[in-house]
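# Chains, contacts and geometry: an overview
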Amino acid sequence: MPGTVETNRIRAVVTLMAALVLAAGCARSAEPPVRLPGPAASVLVAPDNFGTLWVVTGGGDFRSTDGGASWHHVAGSISGGTLGLVHKHVLVVGPWGAQMGDFASGRMLPAGAHPPAPLVAVSSPYYPTNRLYALDTSGRLWLSVTAGRSWSRLRASGLPASGTAIAARRDDPALPDQVFVAAGGDGLWRSTDFGASFRRVAGIVAATAVATTTHDSRRVLVADPAGLWLSTDDARSFTRVLRLGGITAIALDTRNWQNAFAATAAGLLLRSDDGGATWADG
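Please read all numbers here as calculations on a predicted model, not as lab measurements.

### Overview of the overall build of the chain
Per the secondary structure count, the chain includes 1 helix and 24 strands. Across the 282 residues in the chain, those meeting the buried criterion constitute 50%. Carbon together with sulfur atoms contributes 57% to the accessible area of the chain, which is approximately 12,500 Å² in total.

Written as structure tokens, this is what we have:
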């Protein structure tokens, strides 16, 4: 019996220690910031390999394969623009046109046909497809089902002309794509009918960027001039998760909802490993 009692005590201590370690790990849910090659206008998590990031800066496109610890310039890239995904490729669009490169090549080439209007934002509801939604400099909404080789303008009833950022999401192939548009001081807008019509999302006064992920259809991350908001109930309600001005771009991992990123005007990349709930702001 004494041996049994001692064994039970050891088990209790081990269990307690394991619980404390687990709690400490859960409490640490924000990775320290890393330095970007420059202030980023767009951030993207590539689905080819965990830890592969792309950013667009004033000096062109840069790619990291180690979660942002080191960066490599993408040959042939043009400064400015915004990042999107199509099947096995990264797409960059801007007022100057469009470029495309595969996930691993580290080289950008012209994407083919010139967009019908200068584009400022692009998003795919599901990257293995060739379907893209985009905003032009006048806030009009466009759709491509050919990976950007051709475009059709969408009605987008109700959407204000102030949209500058977009995030599309396909929750279920049997349901319409959902499209979120950040429209500055006009707030956040949402379409649940493939972009045909939009309604303003309650609770967000201003929106400068928006990010979603197909890996968690309830999660919506929004930037405003004062920091970041997060919804975990499909935009029904939002919680302020970061108070920090100067957020220039945000992203959620399409394959792992826990990975969230935010670029700052100071050239830092903030990282969260709990889906944007907590952040280390340096």
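Text resumes after the structure shown.
### Remarks on the sheet that holds strand S9 (residues 109–110)
Pairing is antiparallel in the open sheet, where 4 strands are placed in the order S6-S7-S8-S9. Here the strands that pair on one side only, and so sit at the sheet edges, are strand S6 (82–86) and S9. Inspection of the sheet shows strand S7 (residues 89–94) paired to strand S8 (residues 97–102) by 6 bridges, in the antiparallel sense. Bridge pairing in S8 places Leu91 opposite Met100.

### Structural notes on the confidence of the model for the chain
For the chain, per-residue confidence averages 87 on the pLDDT scale, and residues scoring 70 or more make up 89% of the total. Overall, residues 1–28 carries pLDDT values under 50, and its contacts beyond four positions in sequence, including any with other chains, amount to 1 contact.

### Here we look at the sheet that holds strand S11 (residues 132–136)
Spatially, the 4 strands line up as an open sheet ordered S10-S11-S12-S13, and their pairing is antiparallel. Edge positions in the open sheet fall to strand S10 (119–123) and strand S13 (152–153), since each of these has one partner strand only.

### Section: the side chain of Asp274
The topology assignment puts Asp274 in the segment after strand S24 (268–272). Of the buried charged residues, Asp274 lacks a salt bridge, with Arg219 as the closest side chain of opposite charge at 6.4 Å. Here the side chain of Asp274 touches Thr278 through a polar contact of 2.6 Å, side chain to side chain.

### A short note on the environment of Gly68
Relative to the helices and strands, Gly68 is located in the loop between strand S4 (60–64) and strand S5 (72–73). Taking the C-alpha atoms as reference, Gly68 lies 6.3 Å from Val34; in sequence the two are 34 residues apart. Leave out the neighbours within four places in its chain, and Gly68 touches Val34, Arg35 and Leu53.

### Comments concerning unusual backbone geometry
The phi dihedral of Phe194 falls on the positive side, at around 65 degrees, and the residue is not glycine. Within the fold, Phe194 resides in the loop between strand S16 (188–191) and strand S17 (199–200). One non-glycine residue, Ala235, adopts positive backbone phi at about 70 degrees. If you trace the backbone, Ala235 turns up in the loop between strand S20 (227–231) and strand S21 (239–243). Judged by its relative accessible area of 9%, Ala235 falls in the buried class.

### Focus: the environment of Gly203
Relative to the assigned elements, Gly203 resides in the loop between S17 and strand S18 (209–212). Classification of Gly203 as exposed rests on a relative accessible area of 58%. Sequence-wise, Gly203 and Gly187 are 16 residues apart; in three dimensions their C-alpha atoms are separated by 8.8 Å.

### Things to note about the pairing of S6
Each regular strand displays side chains that alternate between the two surfaces of the sheet. With 5 of 5 residues buried, S6 is to be regarded as a mostly interior element. Of the two faces of S6, both are covered, the one formed by Thr82, Gly84 and Val86 as well as the one formed by Leu83 and Leu85. Both S6 and S7 contribute to a ladder of 5 bridges, which runs antiparallel. Its bridge partner lying in S7, Val86 is registered against His89. If you look at the hairpin formed by S6 and S7, you'll find 2 residues sitting between the two strands, and Lys88 has a positive phi there, around 65 degrees.

### Examining the pattern of salt bridges
With the rule as written, the count across this model stands at 9 salt bridges. Notably, a salt bridge pairs Arg218 with Asp216, separated by 3.1 Å at the nearest N-O pair. Measuring nitrogen to oxygen at the nearest pair gives 3.1 Å for the salt bridge that ties Arg219 to Asp216. Comparing Arg219 with Asp216 shows no difference in burial state: the two are buried. Shared partners join several salt bridges into a network, and the residues in it are Arg169, Asp171, Arg190 and Asp234.

Parameters and conventions
- Sequence order as written defines residue numbering, which begins from 1 separately in each chain.
- For a predicted model such as this one, the threshold for reporting local features is a pLDDT of at least 70, and the threshold for listing and counting side-chain atom pairs is 80 or more; totals across whole chains, interfaces and linings nevertheless cover every residue.
- Hydrogens and water molecules were not included; the side-chain quantities draw on all heavy atoms of the structure.
- We count a stretch as a helix when DSSP gives it H or I for four or more residues in a row; a strand needs E for two or more, and each element gets its number in order from the N terminus.
- Only protein chains enter the area calculation, which uses a 1.4 Å probe; residues under 20% of their type maximum are buried, those over 50% are exposed, and those in between are partly exposed.
- What sets the accessible areas is the Shrake-Rupley method with a 1.4 Å probe; for residues, cover comes only from the shown protein chains.
- The rule for pairing is simple: two strands pair if DSSP sees at least two bridges between them.
- Confidence of the predictor at the level of single residues is given by pLDDT, which spans 0 to 100.
- The contact rule is simple, with two residues in contact once any of their heavy atoms fall within 4.5 Å.
- Positive charge is attributed to Lys and Arg, negative charge to Asp and Glu, and no charge count is given to His or to the chain ends.
- A pair is scored as a salt bridge if a Lys or Arg side-chain nitrogen falls within 4 Å of a carboxyl oxygen belonging to Asp or Glu.
- We define a polar contact as two N or O atoms separated by no more than 3.5 Å, with the added condition that, inside protein, one atom must be a possible hydrogen donor and the other a possible acceptor, whereas residues neighbouring each other in sequence contribute only through side-chain atom pairs.

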